[in-house]
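Spelled out, the chains give:
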Amino acid sequence: MQKLNVLFFGQLSEKLNTRETSLMVDLPISVNEVVKLLGQRHGAVFNECLSAPHILAAVNQQMQTNKDISHSDINEIAFFPPVTGG
Amino acid sequence: MRLIISESALLINELSCLVTPSTCVGGVNSFTGYMRDNNLDRNVNAMFLDHYPGMTESALARIIEQAKNRWPIIDGVVAHRVGKVVPGDLLVYVEVQTAHRQCAFDACNFIMDTLKTTAPFWKKELTNEGEFWVEQRDSDVIALDKWQQREN
């Protein structure tokens, strides 16, 4: 089992009422599998918000375009809406 | 290039002389973005800039590398404010120094277009009517697509 730090930013952190949580997970694991686990542990609102197609995910601070790819080296995952800097 | 993420005020006078052009520099182009006091017909009193510490720095460093791979950049600055800001505060400053002017214009434009759609910052406006998270604009995505199409 691996400890996975999970971060939320922007509007998503307000909707979920948290910036950070952690999970013990079996590796390898995909972004979508992490979403499913978060929904089981924290409630359906997590699954609903994190499954929205516009929500982006970064694994170890690298943007992910395919949320079904399994990662065997992962200790941080972040979820956030489209960015609006500048 | 210098990379700055700051929770305290960014000052144009300090940023604009941060990197003294070497004698091989022929052109310096910069963009300075400030917080407006209005958006979408609403008065905006203040704004909060959320960001992803660590990934923000690596994302901006990647953008700078991409720009350096496309243009012969000699030096420059990318600076971005985070935290609470008020109208008139400097939000973003990009400066590019090159031998010739067109490279400086293009690289500065590319860095801003890429930053707006790939760097992990999120703006929340604080208004008399409430707090509103800023939505990504289609025009920003189209601006980035323009650079990607030029590359292909």
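The structure we're discussing is the one just above.
Residues numbered from 1 in each chain as written. Chains lettered and ligands numbered in written order. Predicted model: local features only at pLDDT ≥ 70, side-chain atom pairs only at ≥ 80, totals over all residues. Heavy atoms only, no water.

J.: In this structure, what is going on with the sheet that holds strand β7 (residues 76–80) of chain A? I would like to understand it.
T.: Backbone hydrogen bonds hold the strands of a sheet together, and the pairing may be parallel or antiparallel. All names here are of chain A. Across the sheet, which stays open at both edges, the five strands sit in the order β2-β1-β7-β4-β5 with mixed pairing between neighbours. Sheet topology places β2 (20–25) and β5 (62–64) at the edges, where each strand pairs with a single neighbour. Going across the sheet, the axis of each strand differs from the next one's by a mean of 30 degrees, ignoring polarity. As paired strands, strand β4 (residues 56–59) and β7 are joined by four bridges and run antiparallel to one another. (Pairing = 2+ DSSP bridges. Helix = DSSP H or I, 4+ residues; strand = E, 2+ residues; numbered from the N terminus. Axes fitted to C-alpha atoms, helices over the stretch in contact; angles between N-to-C directions.)

J.: I tried to follow the pattern of salt bridges on my own but got confused; where do I start?
T.: Pairing is possible between side chains that carry opposite charge, provided their charged atoms lie close to one another. Using the criterion set out here, one finds six salt bridges over all chains in the structure. Arg42(B) is the salt-bridge partner of Glu125(B), the closest N and O atoms lying 3.8 Å from each other. One end of the pair, Glu125(B), is in strand β8 (residues 121–127); the other, Arg42(B), is in strand β4 (residues 42–51), with 83 residues separating them in the sequence. With its nearest N and O atoms 3.1 Å apart, the salt bridge here joins Glu131(B) to Lys124(B). Through salt bridges with shared partners, a single ionic network connects Glu14(A), Lys124(B) and Glu131(B). (Salt bridge = Lys/Arg side-chain N within 4 Å of Asp/Glu carboxyl O.)

J.: Would you mind going over the interface of chain A and chain B with me for this structure?
T.: One frequently used descriptor of interface size is the decrease in accessible area upon assembly of the parts. Between chain A and chain B, the contact holds 19 residues from the first and 27 residues from the second. Each partner contributes to the roughly 1,800 Å² buried at the junction of chain A and chain B, and carbon and sulfur atoms together form 54% of this total. Of all residues in chain A, the largest losses of buried area upon contact with chain B belong to Val83(A), Thr84(A) and Gly86(A), amounting jointly to 37% of the total for that side. In this structure, the connection of chain A to chain B is made through two salt bridges. As a salt-bridge pair, Arg19(A) and Asp50(B) come within 2.7 Å of each other at their nearest N and O atoms. In this structure, the connection of chain A to chain B is made through 13 residue pairs in polar contact (both at pLDDT 80 or more). (Contact = heavy atoms within 4.5 Å. Buried area = accessible area lost by both parts, 1.4 Å probe. Polar contact = N/O pair within 3.5 Å; in protein donor to acceptor, adjacent residues only side chain to side chain.)

J.: Would you mind going over the pairing of strand β9 (residues 130–133) of chain B with me for this structure?
T.: Looking down a regular strand, the side chains alternate between one sheet face and the other. All names here are of chain B. When β8 meets β9, the two strands line up antiparallel, connected through four bridges. Bridge pairing links Lys124 to Trp133 in β9. Linkage of β8 to β9, two consecutive antiparallel strands, is achieved through a turn of two residues.

Functional significance is not addressed by these values, which are geometric in nature.
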